[in-house]
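# Analysis of the macromolecular model
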Amino acid sequence: MSSNATCNACAFYENHVANTQKVSENAGLCRFNPPVTQPEANARGLWPVVSATDWCGHFADERKAA
Ligand code: SF4
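Here is a short report on the structure shown in this document. Worth saying up front: this structure is predicted, and the values here are computed from it rather than measured.

Here the focus is the overall build of the chain. On a plain count of helices and strands, the chain comes out with 0 helices and 3 strands. Each helix and strand of the chain, ordered N terminal to C terminal, gives the series β-β-β. Buried residues in the chain amount to 12% of all 66 residues. Long-range contacts, defined here as pairs at least 24 residues apart, represent 45% of the contacts in the chain between residues at least 6 apart.

Structural data, given as structure tokens:
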């Protein structure tokens, strides 16, 4: 796995955004899949929060995704 293929370089990463008002440093949302975990019918789903240096097999280079 290339060390450049991390979440902060992925087309699906939304940096410095979280599901709450609290924003973590070096973290953001992964928007590859729809929100998950909807514990109650009226609750909204949550986007997975990932570290900027995390990675997964769905990585897509944001420079090539446009
Ligand atoms: S978890 Fe995978 S798809 Fe989501 S932002 Fe990171 S590399 Fe991209």
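Attention now moves to the pairing of strand 2 (residues 27–30). Bridge count for strand 1 (residues 13–15) against strand 2 is 3 bridges, and the pairing is antiparallel. Considered in strand 2, the bridge of Asn-15 is made with Gly-28. Where strand 2 meets strand 3 (residues 49–51), 3 bridges bridge the pair, whose relative direction is antiparallel. Paired with Ala-27 across the bridge in strand 3 is Ser-51.

Okay, the site of the ligand next. In the vicinity of the ligand, the contacting residues are Cys-7, Cys-10, Phe-12, Tyr-13, Cys-30, Phe-32, Val-50, Asp-54, Trp-55, Cys-56, His-58 and Phe-59. Taken together, the residues of the shell around the ligand break down into 10 nonpolar, 1 polar and 1 charged.

It is worth spelling out the sheet that holds strand 2 at this point. In space, the 3 strands of this open sheet follow the order 1-2-3, with antiparallel pairing throughout. In this open sheet, the two strands that pair with only one neighbour each are strand 1 and strand 3. Neighbour-to-neighbour, the strand axes of the sheet open up by a mean angle of 40°, direction not taken into account.

Analysis parameters
- Per-chain numbering applies: the sequence of each chain, read as written, is numbered from 1 onward.
- Residues qualify for local features only when their pLDDT is at least 70, as the model is predicted, and side-chain atom pairs are given and counted only at 80 or more; totals for whole chains, interfaces and linings, by contrast, use all residues.
- We count a stretch as a helix when DSSP gives it H or I for four or more residues in a row; a strand needs E for two or more, and each element gets its number in order from the N terminus.
- To sort residues by burial, count the other C-beta atoms lying within 10 Å of each one's C-beta; a count of 20 or more means buried, 12 or fewer means exposed, and anything in between means partly exposed. C-beta atoms are built from the backbone.
- Throughout, a pair of residues is in contact if the C-beta atoms placed from their backbones lie within 7 Å.
- Strands are labelled as partners when DSSP assigns at least two bridges between them.
- In this text, near has one meaning. A residue is near a molecule or strand if its C-beta atom, placed using the backbone, is within 6 Å of it.
- Throughout this entry, Asp, Glu, Lys and Arg are counted as charged residues, while Ala, Val, Leu, Ile, Met, Phe, Trp, Tyr, Cys and Pro are counted as nonpolar. The remaining residues, Gly among them, count as polar.
- Each axis is a line fitted through C-alpha atoms, taken for helices only over the stretch in contact, and angles between the N-to-C directions span 0 to 180 degrees.

All we've got here are geometric facts, nothing functional implied.
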